[in-house]
Amino acid sequence: QLLYEGLKDLQEFLILPQTTEHSEPSWFGFLITINSKPKITRNQLVKHLEQNKIGTRLLFAGNILKQPVFTESNIEYRVVGDLKNTNIIMENTFWIGVWPGLTGEMIEYMVEIINDRNNKHI
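Residues numbered from 1 in each chain as written. Predicted model: local features only at pLDDT ≥ 70, side-chain atom pairs only at ≥ 80, totals over all residues. Heavy atoms only, no water.

Q: Account for the pairing of strand β2 (residues 29-34), with residues named and values stated.
A: With respect to burial, β2 is a largely interior element, five of its six residues being buried. Where strand β1 (residues 14-15) lies against β2, two bridges are found, and the strand directions are antiparallel. Paired with Ile15 across the strands is Thr33, a residue of β2. Both β2 and strand β4 (residues 93-97) contribute to a ladder of five bridges, which runs antiparallel. (Buried < 20%, exposed > 50% of the residue type's maximum accessible area, 1.4 Å probe, protein only. Helix = DSSP H or I, 4+ residues; strand = E, 2+ residues; numbered from the N terminus. Pairing = 2+ DSSP bridges.)

Q: Mind laying out the pattern of salt bridges, listing which residues take part and the relevant values?
A: Scanning all chains against the criterion turns up one salt bridge. We note a salt bridge from Glu5 to Lys8, for which the minimum N-O separation is 2.7 Å. (Salt bridge = Lys/Arg side-chain N within 4 Å of Asp/Glu carboxyl O.)

Q: I'd like to hear about a nonpolar patch on the surface, residue by residue, with values.
A: Together, Val69, Ile75, Tyr77 and Val79 make up an exposed nonpolar region whose accessible area comes to about 350 Å². Within the element layout of this structure, Val69 appears in helix α3 (residues 68-71). Val69 sits in the partly exposed class, given a relative accessible area of 45%. (Patch = residues over 30% accessible without salt bridge, like charges linked within 9 Å, V, L, I, M, F, W, Y side chains within 5 Å. Areas by Shrake-Rupley, 256 points an atom, 1.4 Å probe, with all protein chains shown as cover.)

Q: Give me the side chain of Arg42: which residues, what numbers.
A: Topologically, Arg42 is positioned in helix α2 (residues 42-51). No salt bridge is formed by the buried Arg42; its nearest oppositely charged neighbour, Glu91, is found at 8.3 Å. (Lys, Arg positive; Asp, Glu negative; His and termini not counted.)

So, in structure tokens, the structure goes:
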């Protein structure tokens, strides 16, 4: 909740995870998707976070049709729609690791690094 609250002012640029009604999840990762407005790529932001000792992971999802098993073989498959959202996830989504041992100070540091406007990261 602290991470969400610290980043909610960036929702013009970032898509943040939403909980479902009446749920209190125990997140193992905080999913962030960069929308189309920032002038930064996911890779640039992830590199910035990693350089500042904030662990990230890419989401293993997205447009599976761009995986080698589909691009380099003759597997038959069916596509429904333009797969716009799967491409967005594949190109713009990543996780920040979270766990119960993170302190408020650590979360504030994450928010500060993501909000680092002096380096024009977002």
